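Survey of secondary and tertiary structure
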Amino acid sequence: MRRWLRFAARLTALAAALAGVLLAGAYFHLRQSLPQTSGEIRLAGLAAAVEVVRDPYGIPHIFAGNLEDASFALGYVHAQDRLWQMEMSRRIAAGRVAELVGAGALESDRFMRTLGVRRSAEANLRVLDAETRQLLESYAAGVNAFLASGPVLPLEFWLTGARPEPWTAADSIGWAKMMAWDLGGNFRNELLRMSLARTLPLARIHQILPPYPGEQPPVIADLKELYGTLERDAVQLAQFAPDNDGLGSNNWVVSGARSASGKPLLANDPHLGLTAPPVWYFAHISVPGANVIGSTLPGVPGIILGRNERIAWGFTNTGPDVQDLYIEKLDASGGYLAPEGPRRFRVIEETIRVKGAEPEKLQVRVSRHGPVISDVLRAAQDAAPRGHVIAFAWTALADDDRSMQAALRFARAREWDGFLAAARDFQSPQQNMVYADVEGNIGFVAAGRVPVRKPANDLKGMAPAPGWLAKYDWDGYVPFEQLPQSLNPASGAVVTANHRIIPPGYAHFISSDWQPPYRADRIQQLLDATPKHTAQSFARIQADVVSLAMRELLPQLLAARPRSEAARKALALLAQWDGAMAPERSEPLIAWAWWRELTRAIYADELGEAFRANWLSRAVFLGNVLSGDPALARWCDDVRTPAVETCEELLALSLEAALADLARRHGSDQLRWRWGEAHAARHEHRPFGRQPLLARFFDIRVPSPGDAYTVNAGRNNLNDEAQPFANRHAASLRAIYDLSDLEKSLYIHSGGQSGNIFSDHYEAFTEAWAKNEYIPMRTERKTLDAEPHQLLRLVPVR
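Basis of the calculations
- Residues numbered from 1 in each chain as written.
- Predicted model: local features only at pLDDT ≥ 70, side-chain atom pairs only at ≥ 80, totals over all residues.
- Heavy atoms only, no water.
- Pairing = 2+ DSSP bridges.
- Helix = DSSP H or I, 4+ residues; strand = E, 2+ residues; numbered from the N terminus.
- Axes fitted to C-alpha atoms, helices over the stretch in contact; angles between N-to-C directions.
- Contact = heavy atoms within 4.5 Å.
- Buried < 20%, exposed > 50% of the residue type's maximum accessible area, 1.4 Å probe, protein only.
- Polar contact = N/O pair within 3.5 Å; in protein donor to acceptor, adjacent residues only side chain to side chain.
- Expected span 1.5 Å × (residues − 1).
- Disulfide = S-S within 2.5 Å.
- Core = buried A, V, L, I, M, F, W, Y, C linked by side-chain atoms within 4.5 Å.
- Parallel < 35°, antiparallel > 145°, perpendicular 65-115°, else oblique.
- Nonpolar A, V, L, I, M, F, W, Y, C, P; charged D, E, K, R; others polar.
- Phe/Tyr/Trp six-rings, centres within 6.5 Å; stacked < 30°, edge-to-face > 60°.

1. A short note on the sheet that holds strand 11 (residues 311-317)
Read across the sheet, 11 strands follow the order 1-32-2-3-8-9-10-11-18-19-23 without closing on themselves; strand pairing throughout is mixed. Edge strands, defined here as strands with exactly one partner in the open sheet, are strand 1 (39-43) and strand 23 (485-487). Each strand of the sheet is rotated relative to its neighbour by a mean of 20 degrees, with strand direction disregarded. Bridge analysis of strand 2 (residues 50-54) against strand 3 (residues 60-63) gives 4 bridges, and the strand direction is antiparallel. Within strand 3, the residue paired with Val53 across the bridge is His61. Packed onto the sheet, helix 2 (residues 67-94) meets strand 1, strand 2, strand 3, strand 8 (281-287), strand 9 (290-296) and strand 32 (790-796) and runs at close to 155 degrees relative to strand 8.

In structure tokens form, the structure reads like this:
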């Protein structure tokens, strides 16, 4: 018996050893998926040799003889460092994720196929000028040169069984278009208005979706009368729309009159969903006549945000209303009704391949307004209004969208006129572009294609419109010359933070969904507090975590009457707090947990089944409800109960609910609660961030400050029951450009240069980003050569 026990023990040890050997072998094999960053590689497709200098941060500095070879090299290094991210990006845009992960992705694939981003990208390619098409083809050739070298693929390919196909120019355009999708989503509010019209009068709909602070609600048609019973599918469709409550970005620029150097300073921090790897990839391209450095999108050629030797530029989202929903009335023949009579849908047959299952056939219908998105759900035919469908109009789906052409030209502009010339072709998404140059000029333009609504349009893009009535059709687009813009304003500064950027009396409708001005007001306060600015004072502004929204709401919260000792302690802490969302404090966590429960208590009853998809912080609405106005205080009454609840009751009860929830999550000692830990910035991997075991290895997490309304933004998702305070949407990068010496410019993004979990550069920037630290934005070859670096020469095959 002992002999058999010894034998079994030895067998177990042998099995463990073999398993260890296999794991070690797999590890060392997958380590070979890390890129070659030094030496020489011979490649077909180059006209001349290209040198790629990688600095200590893993940033490639590409020195080439022409722009086509530089684009080729950028494609090559993007594929070296971010191949899986690029694979997922193009599959998301094309509606091909189910091929990798199975039926769980079918719903989103159906929607993307219906939306037609890939079809639009292919159409756009045909209208771009020859130079832009050549740069896209050169970039694709660089990606494909890497694929042709037979590399060891990153771990994600092995886990999913995927194999990358050759890259195409349409792949690049498709992913750029998905950025426009992520920055849009105003049709969510259209759907919410349509859904609420069943039970609420228009005045109350305007309360929960309030106008910009200080403005009156727009005069629009009575929605209940307009729709009758045409609202039933709105809740289902809303799940696909990005929510934009509290979302946004910051940029600002000051002239030399307001800087210590006498030259402009420009800051930019675009706020996007946090992903692992991050959205951005830093790169530097140097060719005769152009020397540009900044942020690229893996999968897209060129520097999207950055600076060259003469200018710097930064973007924030304007937030225009460029998406409209149309209710199309069906006729007996299977077509739909247009103002001039019946029309036929354009029908597109799609086949969606599904891992582990049979392919699925999908028939896409397209009306004169756009794709019929109410067809994407299995239950849509039962849920949609009888005899009607819902079509989607979006400027980014236009066949003549030349935004990619503009994006590749900004970096080569040398002065304001050249920058404006590039901006003319930028159509989607509309962006607030701030500009500065070494001559001392500063400027701003809100470039993008914005539809003109007819004077008779009594919905103004705020709710789904009857598609058979011509008055709701778009009437062209706002001319570029009439878009908001300025050069060298008298104030010596421009600030944009997704707030209202149009002056009083502006002739055109841009949006009814501007973000409230909390961040913009705070930036302006901090700019005005310092007479002469430096890069360091700009960095302090980007790091600011004072929440003006929370400061505004605090007096109303503190009026609550505590119902327990825990509530009394919490109120005592909040009474001494200044509204700074600092990571080491407990007060921000108490306040946001309270905010979360209060919003649930106030409007979950009125929204019903639409609540979870629209559970947002709604700072302006919440402040209005608690202001004491009786017309707004009625939101505190729970319409599901016979009793009449008051706001005073809801304040007390929601505080108790919040404290009980925090005690379950973090223990009962309030002084040990930490905002930074609960509000950890979670960079979610696609698709493994949704697999708990794999997420531990692929996701990136770091404690972080801020909230949705701070300059140093960090937005949480209230409807995430597992992690309701986790920071999911924040500054994807921060950059500060010093026009007195552009080599002193600074930047950082939220992750690392590599998308390979075996790389030291996978999350190399994350700690510094969370602490609002920066790295230098250098381009001079002598400086790069003097520092530790790796030199890779890409040599053409002769």
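2. Let's talk about the side chain of Asn308
Considering the arrangement of structural elements, one finds Asn308 in the loop between strand 10 (305-307) and strand 11. Taking the relative accessible area as the measure of exposure, Asn308 reaches 2% and is therefore buried. Of the polar contacts made by the side chain of Asn308, one reaches the backbone nitrogen of Arg310; its length is 2.7 Å. A polar atom in the side chain of Asn308 sits 2.8 Å from the backbone oxygen of Ala411. Sequence-distant contacts of Asn308, that is, excluding residues within four places in its chain, are made with Asn291, Val292, Trp313, Ala411, Arg412, Ala413 and Leu742.

3. Here's the deal with the environment of Pro35
Tracing the backbone through its elements, the reader meets Pro35 in the loop between helix 1 (2-31) and strand 1. Pro35 sits in the partly exposed class, given a relative accessible area of 23%. On a C-alpha basis, the gap between Pro35 and Pro151 in space is 8.7 Å, while along the polypeptide they are 116 residues apart. Pro35 has contacts with Gln80 and Asp81, leaving out every residue within four places of it along the chain.

4. Some points on helix 6 (residues 130-148)
Over its 19 residues, helix 6 runs 26 Å from end to end, which matches the ideal 27 Å to within 8%, given 1.5 Å per residue. For helix 6, the full list of buried residues reads Thr132, Leu135, Leu136, Ser138, Tyr139, Ala140, Gly142, Val143, Ala145, Phe146 and Leu147. Here the buried face of helix 6 lies against strand 1, helix 2, helix 5 (117-127), helix 8 (169-182) and helix 14 (403-407). Positioned one or two residues after helix 6, Gly150 has a phi angle of 65 degrees, which is positive.

5. Regarding the state of the cysteines
All chains considered together, the criterion is met by 1 disulfide. The disulfide that involves Cys636 links it to Cys647, with 2.0 Å between the sulfurs. What sets the handedness of the Cys636 and Cys647 disulfide is the S-S torsion sign, and at about 95 degrees it is right-handed. One end of the pair, Cys636, is in the loop between helix 22 (630-633) and helix 23 (647-666); the other, Cys647, is in helix 23, with 11 residues separating them in the sequence. With relative accessibility at 1%, the residue Cys636 sits in the buried group. Using a relative accessible area of 14% as the deciding quantity, one classes Cys647 as buried.

6. Remarks on the environment of Tyr139
Within the element layout of this structure, Tyr139 appears in helix 6. Owing to a relative accessible area of 0%, Tyr139 belongs among the buried residues under this scheme. In this structure Tyr139 touches Ser71, Phe72, Leu74, Gly75, His78, Met86, Trp167, Ser172, Pro298, Gly299, Val300 and Pro301, once residues within four positions along its chain are discounted. At a separation of 2.6 Å, a polar atom in the side chain of Tyr139 contacts the side chain of His78.

7. Comments concerning the nonpolar core
Ranked by size, the top nonpolar core spans 242 residues in total, and within it Phe410, Phe419, Ile602, Tyr603 and Leu794 carry the most contacts. In terms of residue count, helix 2 provides more of this core than any other element does, 13 residues in total. Setting aside its immediate chain neighbours within four residues, Ile602 contacts Phe621, Leu622, Val625, Trp635, Cys636 and Leu650. Core analysis: the next-biggest nonpolar cluster, separate from the first, contains 8 residues, Ala276, Phe698, Ile700 and Phe758 among them.

8. Things to note about the packing of helix 18 (residues 548-558) against helix 20 (residues 587-607)
Close contact between helix 18 and helix 20 brings their axes to 12 Å; oriented N to C, the two are set at 70 degrees. Here helix 18 is positioned roughly perpendicular relative to helix 20, judged by the angle of their axes. Contact residues: helix 18 offers Ala549, Met550, Leu553 and Leu557, while helix 20 offers Ala591, Trp592, Trp594, Trp595 and Leu598. Within the contact of helix 18 with helix 20, the residues separate by chemical class into 9 nonpolar, no polar and no charged.

9. Looking at the sheet that holds strand 21 (residues 465-466)
If you walk across this open sheet you meet the 3 strands as 17-12-21, and the pairing is mixed. The open sheet has two edge strands with one neighbour each: strand 17 (388-394) and strand 21. Sheet topology places strand 12 (residues 323-329) next to strand 17; 7 bridges connect them, and they run antiparallel. Each residue of the ladder has a partner; that of Tyr326, found in strand 17, is Ala391.

10. Quick word on unusual backbone geometry
Here Ala276 and Pro277 are connected by a cis peptide whose omega angle stands at -5 degrees. Residue position: Pro277 is located in the loop between strand 7 (275-276) and strand 8. Cis peptide bonds are those with omega within 30 degrees of zero, and the linkage from Arg686 to Pro687 qualifies with 5 degrees. The backbone phi angle of Asn488 is positive, close to 50 degrees, even though this residue is not glycine. Take Asn488: it is sitting in the loop between strand 23 and strand 24 (493-496). Taking the relative accessible area as the measure of exposure, Asn488 reaches 38% and is therefore partly exposed. Residues other than glycine seldom take positive phi values, yet Arg618 does so here, at roughly 50 degrees. Note on placement: Arg618 falls in the loop between helix 20 and helix 21 (619-625).

11. Concerning the packing of aromatic side chains
As enumerated under the stated definition, the model contains 29 aromatic pairs in all. Judged by centre distance (5.8 Å) and plane angle (55 degrees), the ring pair of Phe111 and Trp181 falls under tilted. One end of the pair, Phe111, is in helix 4 (residues 106-115); the other, Trp181, is in helix 8, and 70 residues separate them in sequence. In this structure Phe111 comes out as buried when scored by relative accessible area, which is 3%. Judged by centre distance (6.1 Å) and plane angle (35 degrees), the rings of Phe282 and Phe765 are tilted. One end of the pair, Phe282, is in strand 8; the other, Phe765, is in the loop between strand 30 (746-749) and helix 26 (766-770), and 483 residues separate them in sequence. Residue class for Phe282 comes out buried when judged on its relative accessible area of 0%.

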